[in-house]
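Listed below, chain by chain, are the residues.
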Amino acid sequence: MNISSPATVLWSELEEGYKLPVAERDITAALIVGGAISATHDYEAVHHDYHAARKAAAEDVFMNILTTNGLIGKYLTDWTGPTGEIKKITLRLAVPNYPGDKMTMTGVITKKYEEDGNHLVEVEFCGKNSLGNHAIGKAIMALHSERG
């Protein structure tokens with residue numbers, strides 16, 4: 001999931017309506033299972049056992065919300081560069097992420113403001129796959145205003 005952008009996004013160079021670069025992520029069984037068990041310690045069987053997922057009426061194992069949150073966070077910080085900071089993130093899940101699909105992430109700045117000495121932007125984001133919207137939400141990102 002490489003986003004081609006400057007090393008650091010500056011608050012002073014952004015405007016409301018700015019569209020973040022599109023990023024795609026292949027959804028693999030290893031990502032789903034590893035994200036659930038190793039990264040987030042979520043041992044719910046539907047995230048690592050095909051038979052349990054099928055018994056729960058799912059097509060296959062499916063991604064947990066913590067892994068989704070991590071992928072969205074990575075998307076946002078890959079865009080901002082090393083000086084960007086996630087201050088707040090909220091997301092809602094819709095359709096599942098299954099192995100073999102691809103999640104396409106997009107975002108747009110809906111608000112640019114200063115608060116308590118921070119230079120902030122609100123980003124509305126969406127992660128879609130072939131079934132529709134997987135995750136939608138908002139994030140507040142703190143950015144540097146000037147290079148230095």
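See the structure above.
The structure displayed is predicted, hence computed values, not measured ones.

### A closer look at the pairing of strand E3 (residues 102-115)
Moving on, step 1. Relative to E3, strand E1 (residues 23-26) runs antiparallel, the two being bridged by 4 bridges. In the strand pairing of E3, Asp-26 is matched with Lys-102.
Moving on, step 2. The pairing of E3 with strand E4 (residues 118-129) spans 11 bridges and is antiparallel. The residue bridging Tyr-113 from the neighbouring strand is Leu-120, located in E4.

### A look at the environment of Ala-36
Moving on, step 1. In this structure, Ala-36 sits in helix H1 (residues 29-39).
Moving on, step 2. Each C-alpha atom of the pair Ala-36 and His-48 lies 7.4 Å from the other, and the pair is 12 residues apart in sequence.
Moving on, step 3. The contact partners of Ala-36, leaving out residues within four places of it in the chain, are His-41, Asp-42, His-47, Asn-64 and Thr-67.

### Let's talk about a nonpolar patch on the surface
Moving on, step 1. On the surface, Ile-65, Leu-66 and Leu-93 cluster together into a nonpolar patch covering about 250 Å² of accessible area.
Moving on, step 2. Here Ile-65 is to be found in helix H3 (residues 65-80).

### Topic: the nonpolar core
Moving on, step 1. Among the nonpolar cores identified, the biggest contains 25 residues, and Leu-14, Leu-20, Leu-76, Trp-79, Ile-109, Val-121 and Val-123 are the most heavily contacted of them.
Moving on, step 2. Those elements giving two or more residues to this core turn out to be H1, H3, E3, E4 and strand E5 (132-143).
Moving on, step 3. Beyond its immediate sequence surroundings of up to four residues, Leu-20 is in contact with Tyr-75, Leu-76, Trp-79, Gly-107, Val-108, Ile-109 and Val-123.

Thresholds, definitions, all that
Residues numbered from 1 in each chain as written. Predicted model: local features only at pLDDT ≥ 70, side-chain atom pairs only at ≥ 80, totals over all residues. Heavy atoms only, no water. Pairing = 2+ DSSP bridges. Helix = DSSP H or I, 4+ residues; strand = E, 2+ residues; numbered from the N terminus. Contact = heavy atoms within 4.5 Å. Patch = residues over 30% accessible without salt bridge, like charges linked within 9 Å, V, L, I, M, F, W, Y side chains within 5 Å. Areas by Shrake-Rupley, 256 points an atom, 1.4 Å probe, with all protein chains shown as cover. Salt bridge = Lys/Arg side-chain N within 4 Å of Asp/Glu carboxyl O. Core = buried A, V, L, I, M, F, W, Y, C linked by side-chain atoms within 4.5 Å. Buried < 20%, exposed > 50% of the residue type's maximum accessible area, 1.4 Å probe, protein only.

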